2 protein chains.
Amino acid sequence: MASGCRVRYDLSVTETASSPLPAPQPTRSEASSDRVGSNSALQRSREAFISHWGEMGSSWGVPRSMAEIHALLFIEGRPMNADEIMDRLQISRGNVSTTLRQLADWGIVTRVRQRGDRKDYFEAEQDVWNLLSLIVRARKRRELEPLLAALEDAKSLASAPGDSDDPKAIKAHIARLDSMNDALKRLDRLSDRFIGRGGRGLDVAVRLLASLL
Amino acid sequence: MASGCRVRYDLSVTETASSPLPAPQPTRSEASSDRVGSNSALQRSREAFISHWGEMGSSWGVPRSMAEIHALLFIEGRPMNADEIMDRLQISRGNVSTTLRQLADWGIVTRVRQRGDRKDYFEAEQDVWNLLSLIVRARKRRELEPLLAALEDAKSLASAPGDSDDPKAIKAHIARLDSMNDALKRLDRLSDRFIGRGGRGLDVAVRLLASLL
DNA sequence: ATCTGATTTCAGAAGTTTTTGAAATCTCGG
DNA sequence: CCGAGATTTCAAAAACTTCTGAAATCAGAT
């Protein structure tokens, strides 16, 4: 569903001076042919995880690089700074900065301070149920709730004052809006409970259901 | 999150002859300013529903026009043919054809035959829980399952034969993959039950949970 | 077979989203 | 207050997705 394969870009920043990074770590390989970088089994497994997570993200409307950054932080399980992320994923500084801020807004990633280091470090939520609940919460707020509001609007629009529509048709129309509204509202309320307390709710509910069905 | 406002396009097809359509129905209005077309309360309400549904779709990775076509069929609640859809939504024949096929593949829309009419008509699933279960089913197959397989791969990659990685690190890494895998697998199995029987399962489960939590 | 209207296909156009990278801004230490 | 490094911003570029429309294909009627 897409290829990939970006080109390397210049790392030097603003000032003219050369920034003597501790040893510019060779890049990862993208897919086949040439391999560079540390290619231990562990590293290759991480790479696989990252790219599959990125893939999944992009089919769910999450920018690939956002999903990849998150995957990297999750799978490394330790705080990383922007430079490390840039090097590892081969994406630009601006992109990393913007994306980290968004992930932090969603609450999926936390900014941590490293003693005696001016850089910002970031680490990902490690509890998967917590992670899922954060995602659900964010999408619910950004997408489900506005849609519910819109459905209410559509409903009130339909029952406007004097007009020339067939009352039968109006009734059927409103019934359709209502059934959609009901279903989504139920999911909405349900997700409230699910995410009620730090993801544990989701976990519990899922176990519960699994046994009941 | 986007504008819209496409231009009208030529309706005439292949042959040179003029296709005398029964009266090219004026176009809908996009948002504000000029209004054309039938503007009854009912019509405006439908329009609102369609565009909000389209909006939502596009933030979930569904092409706007696909979401709109589905919304139109759902809210009209009757079989419609390609020409009606083109006129109403102002989208091209090719787009309509391709999209209808996809919706039909997902099972969200059904092709129905109208006696004595060579055209194909399409109608949308009217039961919302059924609809949701069809959507869940499709996404599960197309996205969740491949991801689960990929996680398994990543896991086996990590425990490859003789290599230089710290055994501690490998253990931690595998634990992470496992926790992700477990959570997603549980969701996966759960959705199986949910959609087990034509959407009713989903409905029942949701009611059940709502009362339990 | 042929004709006619409906449908599908697909290359290119249009539109949208994502990414880049360099300049602006911020922040801390001295 | 200045300098050095870190971060943010944002206009422009690249990449990707979706859409168009004309030509090809298909299918029923004659």
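The rules behind these values
- Residues numbered from 1 in each chain as written.
- Chains lettered and ligands numbered in written order.
- Predicted model: local features only at pLDDT ≥ 70, side-chain atom pairs only at ≥ 80, totals over all residues.
- Heavy atoms only, no water.
- Contact = heavy atoms within 4.5 Å.
- Buried area = accessible area lost by both parts, 1.4 Å probe.
- Salt bridge = Lys/Arg side-chain N within 4 Å of Asp/Glu carboxyl O.
- Polar contact = N/O pair within 3.5 Å; in protein donor to acceptor, adjacent residues only side chain to side chain.
- Helix = DSSP H or I, 4+ residues; strand = E, 2+ residues; numbered from the N terminus.
- Nonpolar A, V, L, I, M, F, W, Y, C, P; charged D, E, K, R; others polar.
- Least-squares fit on C-alpha atoms with pLDDT ≥ 70 in both.
- Pairing = 2+ DSSP bridges.
- Buried < 20%, exposed > 50% of the residue type's maximum accessible area, 1.4 Å probe, protein only.
- Phe/Tyr/Trp six-rings, centres within 6.5 Å; stacked < 30°, edge-to-face > 60°.
- Lys NZ or Arg CZ within 6 Å of the ring centre and 35° of its normal.
- Axes fitted to C-alpha atoms, helices over the stretch in contact; angles between N-to-C directions.
- pLDDT = per-residue confidence, 0-100.
- Left-handed = near helix turned anticlockwise from the far one by under 90°.

Asks: Which residues make up the interface of chain A and chain B, and what values go with them?
Replies: Listed as interface residues are 57 residues of chain A and, on the opposing side, 57 residues of chain B. Where chain A abuts chain B, roughly 5,400 Å² becomes buried across the two surfaces, and 74% of that area is made up of carbon and sulfur atoms. Linking chain A to chain B there are zero salt bridges. For the pair chain A and chain B, the number of links is 18 residue pairs in polar contact (both at pLDDT 80 or more). When residues of the side of chain A that touches chain B are assigned to their parent elements, the largest contribution, 14 residues, is made by helix α6 (residues 167-194) of chain A. Looking at side-chain class alone, the side of chain A that touches chain B contains 37 nonpolar, eight polar and 12 charged residues.

Asks: Lay out the relation of the copies chain A and chain B in plain terms, naming residues and giving numbers.
Replies: The pair of chain copies shares a relation made of a rotation about an axis and a shift along it. Superposing chain A onto chain B requires a rotation of 180° together with a translation of 0.0 Å along the rotation axis, leaving an RMSD of 0.1 Å. Considering both components of the superposition, the chain copies are consistent with a two-fold axis. Using C-alpha coordinates, one finds that chain A approaches the rotation axis most closely at G61 of chain A, a distance of 2.4 Å. Both copies contact each other with a shared surface, as 100% of the interface residues of chain A are interface residues in chain B too.

Asks: Quick one: what's the story with the pairing of strand β2 (residues 109-113) of chain B, residue by residue and with numbers?
Replies: Residues and elements named next belong to chain B. Pairing analysis gives five bridges linking β2 to strand β3 (residues 120-124), with the strands arranged antiparallel. Bridge pairing links R113 to D120 in β3. The turn joining β2 and β3, which pair antiparallel and follow one another in sequence, is formed by six residues; a positive phi near 70° is taken by G116.

Asks: Help me get a handle on the environment of L177 of chain B, residues and values and all.
Replies: Within the element layout of this structure, L177 of chain B appears in helix α6 (residues 167-194). With 26 residues separating them in the primary sequence, L177 of chain B and L151 of chain B have C-alpha atoms 6.8 Å apart. With near-sequence residues (within four places) excluded, L177 of chain B lies in contact with S45, F49 and I75 of chain A together with L151, A154 and K155 of chain B.

Asks: Break down the side chain of N181 of chain A for me, citing the residues and quoting the values.
Replies: Residue and element names in this part refer to chain A. Checked against the element boundaries, N181 lands in helix α6. Here N181 falls in the buried class, since its relative accessible area comes to 4%. Filtering out sequence-adjacent residues up to four positions away, N181 remains in contact with L148, L151 and E152.

Asks: Describe the packing of aromatic side chains, naming the residues involved and giving the relevant values.
Replies: If you walk through the whole model with that rule in mind, you get five aromatic pairs over all chains. Look at F49 of chain A and W53 of chain A: their rings are 5.7 Å apart centre to centre, the planes differ by 20°, and that puts the pair in the stacked class. In this pair, F49 of chain A and W53 of chain A are both assigned in helix α1 (residues 41-59), four residues apart and thus about one turn of the helix distant. An identical accessibility class is assigned to F49 of chain A and W53 of chain A; each is buried. Taking the centre distance of 5.9 Å and the plane angle of 35° together, the rings of F49 of chain A and F74 of chain A count as tilted. Within this pair, whereas F49 of chain A is found in helix α1, its partner F74 of chain A is found in helix α2 (residues 64-76), the two being separated by 25 residues in sequence. Neither F49 of chain A nor F74 of chain A differs from the other in exposure class; each is buried. Counting every residue linked through ring pairs, the aromatic cluster contains F49, W53 and F74 of chain A. Between R139 of chain A and the ring centre of W60 of chain B, over which it is positioned, the NZ or CZ distance is 3.9 Å.

Asks: Quick rundown of the pattern of salt bridges? Include the residues and the values.
Replies: Pairing is possible between side chains of opposite charge, provided their charged atoms come close. Taken as a whole and assessed by the stated rule, the structure comprises 30 salt bridges over all chains. The partner of R78 of chain B in a salt bridge is E84 of chain B, and the shortest N-O contact between them spans 3.0 Å. Under the relative-accessibility criterion, E84 of chain B is labelled partly exposed at 25%. Sharing partners across several salt bridges, the network here consists of R46, E76, R78, E84 and R88 of chain A.

Asks: Outline the sheet that holds β2 of chain B, supporting the account with residue identities and numerical values.
Replies: Residue and element names in this part refer to chain B. Read across the sheet, three strands follow the order β1-β3-β2 without closing on themselves; strand pairing throughout is antiparallel. The sheet terminates laterally at β1 (80-81) and β2, the two strands that pair on one side only. Contacts from helix α2 (residues 64-76) reach β1, β2 and β3, with the element oriented near 80° to β3.

Asks: Explain the confidence of the model for chain A to me, and be specific about the residues and the numbers.
Replies: Of the residues in chain A, 77% reach a pLDDT of 70 or more, and the chain-wide mean stands at 81. Low confidence marks residues 1-36 of chain A, where pLDDT is under 50. Its contacts with residues over four positions away, or in another chain, come to 32 contacts.

Asks: Tell me about the packing of α1 of chain A against α2 of chain A, residues and numbers included.
Replies: Residues and elements named next belong to chain A. Where α1 contacts α2, the axes come no closer than 8 Å and their chain directions differ by 145°. Along this stretch, α1 crosses α2, giving a crossing that reads as right-handed. Here R46, F49, I50, S51, W53, G54, E55, G57 and S58 of α1 come into contact with α2, specifically with R64, A67, E68, H70, A71, L72, F74, I75 and E76. Residue classes in the contact of α1 with α2 are distributed as eight nonpolar, five polar and five charged.

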